[in-house]
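# Breakdown of the fold
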Amino acid sequence: QAAAALADLARHPATARFIAEKLVRHFVSDEPPTAAVAVVEAAFRESEGHLPTVHRALLELPQAWDGDYRKFKPPYDYLLSVHRGLDLETVRANQVLGPLRLMNQVPFSAPTPSGWDDTRDHWAAPAALKQRIDWSIAVAERLANDVDLQGAAGRLIPPAANPALAVSISRAESTAQGLGLLLASPDFQWR
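Quick caveat: nothing in here was measured; it's all calculated off a predicted structure. As a convention, each chain's residues are numbered from 1 in the sequence order in which they are written. Under the rules for a predicted model, residues below a pLDDT of 70 receive no local features and side-chain atom pairs below 80 are neither given nor counted, while totals for whole chains, interfaces and linings still include all residues. Excluded from the side-chain calculation are hydrogens and water; included are all heavy atoms of the structure.

## What to know about the pattern of salt bridges
The term salt bridge refers to a side-chain nitrogen of Lys or Arg lying within 4 Å of a carboxyl oxygen of Asp or Glu. A complete count under the given rule lists 9 salt bridges for this structure. The partner of Glu-41 in a salt bridge is Arg-17, with the nearest N and O atoms 3.1 Å apart. Placement of Glu-41 in helix H3 (residues 34-46) and of Arg-17 in helix H2 (residues 13-27) is noted, with a sequence separation of 24 residues between them. Buried residues are those whose accessible area, probed at 1.4 Å on protein chains only, stays under 20% of the maximum for their type, while exposed residues exceed 50% and partly exposed ones sit between those limits. A residue is classified by how much of its surface remains accessible, and Arg-17, at 32% relative accessible area, is partly exposed. A salt bridge links Asp-118 to Lys-71; its shortest N-O distance comes to 3.9 Å. Of this pair, Asp-118 sits in the loop between helix H6 (93-102) and helix H7 (120-123) while Lys-71 sits in the loop between helix H4 (51-59) and helix H5 (75-85), and the two are 47 residues apart along the sequence. Asp-118 sits in the buried class, given a relative accessible area of 17%. Take Lys-71: its relative accessible area is 2%, and that puts it in the buried class. Among the charged side chains, a network of salt bridges with common partners joins Arg-17, Glu-21, Glu-41 and Arg-45. Runs of H or I in DSSP of at least four residues are treated as helices and runs of E of at least two as strands, each being numbered from the N terminus.

Printed below as a string of structure tokens:
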């Protein structure tokens, strides 16, 4: 009976709608566009919940690639962006756990069973932004001698995206200051 109940829930239209909204909210925008939700919902229903099909529909959404729809990076995504963008291949556990603890997203300790909040309002609060900026400055000071600042700036934020930021970075008094500006910039906080 339990398996039958779960099968009924999986096929219910409200389940498709709920999952589609969650996915679009996570990957596209805090305010999920109705048209995008409808496309993902239809993919879920037509494929009977086949996740690769649902994911494909999500990736093919025009809104997923539209600059008008953006997501503020939660600490985990932000940290990964820094490590990827600076080509940090070897990372010690404390270089990941420490910043995540500082930014209040310690792995396996979400405040509710439904996981971490997925919206800008939660992660872009003033105290949270200050923690990111403090961490960015510390990382910039630690890595200044090992980073090609202009190369990192080109990888992390294309110069055409914000010419004023590119100028500020090029005029920084030191590599550490320029890297700190880059990592703490509003442009780098969004995916």
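Once you've had a look at it, read on.
## Quick word on the packing of aromatic side chains
Only Phe, Tyr and Trp rings are paired, with Trp represented by its six-membered ring, and only when their centres lie within 6.5 Å; those with planes under 30 degrees apart are stacked, over 60 edge-to-face, the remainder tilted. For the structure shown, the criterion picks out 4 aromatic pairs. Both rings, one in Tyr-78 and one in Phe-188, keep their centres 5.6 Å apart while their planes meet at 65 degrees; by these two values the pair is edge-to-face. Of the two residues, Tyr-78 sits in helix H5 while Phe-188 sits in the segment after helix H11 (175-184), which places them 110 residues apart along the sequence. With a relative accessible area of 0%, Tyr-78 lands in the buried category.

## Here we look at the layout of surface pockets
The rule is simple: put a 1 Å grid over the protein atoms alone, call a set of points where a 1.4 Å probe fits but cannot get out a cavity, call an open set with protein on both sides within 12 Å along at least five of seven lines a pocket, and count a residue as lining if it has an atom within 4 Å of a point. Grid points are joined across faces, edges and corners, and a volume is the space filled by probe spheres set on the points. Of the voids in this model, the largest pocket is the one considered here, and its volume is about 370 Å³. Around the largest pocket, the lining is made up of 16 residues, and of these Phe-27, Val-28, Ala-64, Trp-65 and Arg-191 lie nearest the centre. The leading source of residues in the lining of the largest pocket is H4, at 3 residues. In the lining of the largest pocket, the residues fall into 8 nonpolar, 3 polar and 5 charged. By volume, the second largest pocket amounts to about 310 Å³. In terms of lining, the second largest pocket is formed by 14 residues, of which the most central are His-26, Ser-114, Trp-116, Asp-117 and Asp-118. Listed by contribution, the elements that provide at least two residues to the lining of the second largest pocket are H2 and H5. Looking at which element gives the most residues to the lining of the second largest pocket, the answer is H2, with 3 residues. The residue makeup of the lining of the second largest pocket, split by class, is 4 nonpolar, 5 polar and 5 charged. For this scheme, ten residues count as nonpolar: Ala, Val, Leu, Ile, Met, Phe, Trp, Tyr, Cys and Pro. Four count as charged, namely Asp, Glu, Lys and Arg, and the remainder, Gly too, count as polar.

## Topic: the packing of helix H9 (residues 149-156) against H11
A pair of packed helices is characterised by two quantities: the angle between their axes and the separation of those axes. Angles run from 0 to 180 degrees between N-to-C directions of axes, and those axes are lines fitted to C-alpha atoms, restricted for helices to the stretch in contact. Closest axis-to-axis distance for the H9/H11 pair is 10 Å, and the angle between their directions is 5 degrees. The orientation of H9 relative to H11 falls into the category roughly parallel. Touching Leu-149, Ala-152, Ala-153 and Leu-156 of H9 are Thr-175, Gly-178, Leu-179, Leu-182 and Leu-183, all from H11. When grouped by side-chain class, the residues that make up the contact of H9 with H11 number 7 nonpolar, 2 polar and no charged. Roughly parallel refers to an angle under 35 degrees, roughly antiparallel to one over 145, roughly perpendicular to one between 65 and 115, and oblique to any angle outside these ranges. Here, residues are in contact when the closest pair of their heavy atoms is within 4.5 Å.

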